[in-house]
Amino acid sequence: IGFITYTFDDIGAEIHNIYISPIVRRRRFGKTLCMHALERLKIIGKRTVTVWLVEGRTQVIKFYKSIGFTETDDFRHDKISEDILLLERRFVISV
């Protein structure tokens, strides 16, 4: 159906990817995966979780906001090829 990837260290945690198969999208599997990951991170003592989202990806931003993530004033650039540079904004949630 899908997967979520995240990492954590002494400071906090970061979600890197959520992927849901197109044939089962819009059935709350993404939200369920994310909530499960947040609960697991809380159990091991992580209090803040970050996700970096590409500016302009309205549906993705809406998804994370629906879970409770809030946008910050932190930005970074992600160079994905010689010709493509993406602007990402940091979103956080306290768990």
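Residues numbered from 1 in each chain as written. Predicted model: local features only at pLDDT ≥ 70, side-chain atom pairs only at ≥ 80, totals over all residues. Heavy atoms only, no water.

**Some thoughts on helix α1 (residues 29-43)**
Then step 1. The end-to-end C-alpha distance of α1 is 21 Å, a good match for the 21 Å that 15 residues give at a rise of 1.5 Å each.
Then step 2. For α1, every residue scored as buried is listed here: Gly30, Cys34, Ala37, Leu38 and Leu41. Taken end-on, α1 shows its buried residues confined to a sector of 100°, consistent with a single buried face. What points out from α1, more than 90 degrees from its buried face, is the exposed set Thr32, His36 and Ile43.
Then step 3. The secondary structure elements touched by the buried residues of α1 are β1 (2-8), β2 (13-20), β3 (48-54), α2 (58-67) and β5 (85-94).
Then step 4. Phi turns positive one or two residues past the end of α1, at glycine 45, with a value near 95°. (Helix = DSSP H or I, 4+ residues; strand = E, 2+ residues; numbered from the N terminus. Expected span 1.5 Å × (residues − 1). Buried < 20%, exposed > 50% of the residue type's maximum accessible area, 1.4 Å probe, protein only. Arc of directions from axis to C-beta. Contact = heavy atoms within 4.5 Å.)

**What about the confidence of the model for the protein chain?**
Note: predicted coordinates in regions of low pLDDT should not be interpreted at a detailed level.
Then step 1. Residues at a pLDDT of 70 or more form 100% of the protein chain, whose mean pLDDT is 95.
Then step 2. When the elements of the protein chain are averaged for pLDDT, strand β4 (residues 70-79) gives the smallest value, 94, and β3 the largest, 97. (pLDDT = per-residue confidence, 0-100.)

**Focus: the pairing of β1**
Then step 1. Pairing analysis gives seven bridges linking β1 to β2, with the strands arranged antiparallel. Residue pairing for β2: phenylalanine 8 is matched across the bridge by alanine 13.
Then step 2. Hairpin geometry of β1 and β2 is characterised by an intervening segment of four residues between the two adjacent antiparallel strands. (Pairing = 2+ DSSP bridges.)

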